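Descriptive structure summary
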Amino acid sequence: MFKLNFDIPESKEKIHIKDQILLIGSCFSDEMGRKLIQSKLKALDNPFGTIYNPYSIFKLLQHKSHVDDVIESQGIYYHWDAHGSISGLSDMEVTLHFEQSVIETQTFLKKSNWLIITLGTSIIYEWNNKIVANCHKIPQSKFTKRFLNQQEIIEQFAQLHSSLSQNINIIFTISPVRHIRDGLIENNRSKAILIDAIHQIVRSYENVQYFPSYEILIDELRDYRFYDRDMIHPNSQAIDYIWNIFSETYFDKETNDFLKEWSKVKAAIDHRPFQPDSESHQKFLRSTLEKLKSLNEKVDLSVEMKQIKNQLK
């Protein structure tokens, strides 16, 4: 046995292939979001870019940001509540970009069946007594740095929860990525605060669950062969492992059956032949197209079908 066994109970609530899923949070959220989108599920991932602390995440989901939260740094304009990917050469450009993300998020959230929140750190930075999501290359000495406490996180989530549809299912998870810039000891303190706060939240709300991606990597796999070269981020093998456990835990039978078929068809689509005009490959394309037509009844595969049709002679 190469690892410690870790039994995760199967979720009573299941993700259906037609469900809509909003993901927000740390860079690990990007990994899970990418997997969902590649699997052809209706998912929106980090519309404000990567956000690490719970206060900023909850604030964005409640649309409590303001126009005057734009800041200029080194000739580029940013928004205090967003990642640096939302930037521009004028405050108006950033404001429009941010407002578009707000509209996209709120529109998607209203129709979402699932909200997946991945928290990265409980360490926050304050600028003029305002908690910011990103320091945007401004020296840390200009900010007040502190830990959020459990009660702050719980109270902020209570406000968010009251603003959401009671029919939405919420999954919390902790990013297994270590924030070593804050120091390893501080990182562990930070993660401990998040874990304790989330478990208190889970006990208080019937529609809130916890998925242990953090524990899977740190405690079950716990080996550097599951990390990228930076020794901080999980590598593709670890991500695939966590994704498979997530699928088993949350997807219903129809969704898992679809994913098995889709993985085969996707591999066929990605195949690059030496002789694309040969009769054997044309036959292969026609067969792949028929499989796509069958799966298209469950999800939108119009792009992939057009791709195959363009290769037929």
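Residue numbers run consecutively from 1 along every chain, following the written order of its sequence. Note on the predicted model: pLDDT of at least 70 is required for a residue's local features to be given, and 80 or more for side-chain atom pairs to be given and counted; whole-chain, interface and lining totals, by contrast, use all residues. Neither water nor hydrogens contribute to the side-chain values; these are computed over all heavy atoms in the structure.

When helices and strands are tallied, the protein chain shows ten helices and eleven strands. Every radius of gyration here is taken over C-alpha atoms, with the globule rule written as 2.2 Å times N^0.38, N being the number of residues. The C-alpha radius of gyration of the protein chain comes to 22 Å, within 12% of the 20 Å expected for a compact globule of 313 residues. Dimensions of the protein chain, computed from C-alpha atoms along their principal axes, come out at roughly 70 × 50 × 40 Å. Restricting to contacts in the protein chain with at least 6 residues of sequence separation, those with at least 24 account for 68%. Only the protein chains shown count as cover for residues, and the accessible areas themselves come from Shrake-Rupley with a 1.4 Å probe. As displayed, the protein chain has an accessible area near 16,300 Å², and 50% of this comes from carbon and sulfur atoms. Counting 38 positive and 41 negative side-chain charges, the protein chain places the centres of these two groups 4 Å from one another. For helices the rule is a DSSP run of H or I covering at least 4 residues; for strands it is a run of E covering at least 2, with both sets numbered from the N terminus onward. By definition in these notes, contact holds between two residues if any of their heavy atoms fall within 4.5 Å. Positive charge is attributed to Lys and Arg, negative charge to Asp and Glu, and no charge count is given to His or to the chain ends. A charged residue contributes its charge at one atom only: NZ of Lys, CZ of Arg, CG of Asp or CD of Glu.

Take helix α7 (residues 236-250) next. What a helix should span is 1.5 Å times the count of its residues minus one. Look at α7: 21 Å from first C-alpha to last across 15 residues, which is about the 21 Å you get at 1.5 Å a residue. Of the residues making up α7, those classed as buried are Ala 238, Ile 239, Ile 242, Trp 243, Ile 245, Phe 246, Ser 247, Thr 249 and Tyr 250. Buried residues belonging to α7 abut α1 (27-38), β6 (114-119), β10 (169-174), β11 (208-210), α6 (213-221) and α8 (253-270). Accessible area is worked out with a 1.4 Å probe on protein chains only. A residue is then buried under 20% of its type maximum, exposed over 50%, and partly exposed in between.

Turning our eyes to something else, we now look at the sheet that holds strand β7 (residues 123-127). Between any two strands, pairing holds if DSSP finds at least two bridges. Pairing is antiparallel across the open sheet formed by three strands, whose spatial order is β8-β7-β9. On the outer flanks of this sheet lie β8 (130-132) and β9 (144-147), each paired with one strand and no other. Here the average twist between neighbouring strands, direction ignored, is 40 degrees. In terms of strand pairing, β7 meets β8 through three bridges, oriented antiparallel. The residue of β8 that forms the bridge with Tyr 125 is Val 132. In this description, a line fitted to the C-alpha atoms serves as the axis of each element, helices being fitted only across the stretch in contact, and the angle between N-to-C directions of two axes falls anywhere from 0 to 180 degrees.

Between Lys or Arg on one side and Asp or Glu on the other, a salt bridge is scored when a side-chain nitrogen of the former is within 4 Å of a carboxyl oxygen of the latter. For the structure on display, the rule yields 16 salt bridges. Residues Lys 130 and Asp 69 are paired through a salt bridge, measuring 2.5 Å at the closest nitrogen-oxygen approach. In this pair, Lys 130 sits in strand β8 while Asp 69 sits in the loop between α2 (54-61) and β3 (70-73), placing the two residues 61 residues apart along the sequence. Residue classification places Lys 130 among the partly exposed positions, given a relative accessible area of 29%. Using a relative accessible area of 1% as the deciding quantity, one classes Asp 69 as buried. Between Lys 266 and Asp 270 there is a salt bridge whose closest N-O contact spans 3.0 Å. Note that Lys 266 and Asp 270 are positioned in helix α8 at a spacing of four residues, about one turn of the helix. Residue classification places Asp 270 among the partly exposed residues on the basis of a relative accessible area of 41%.

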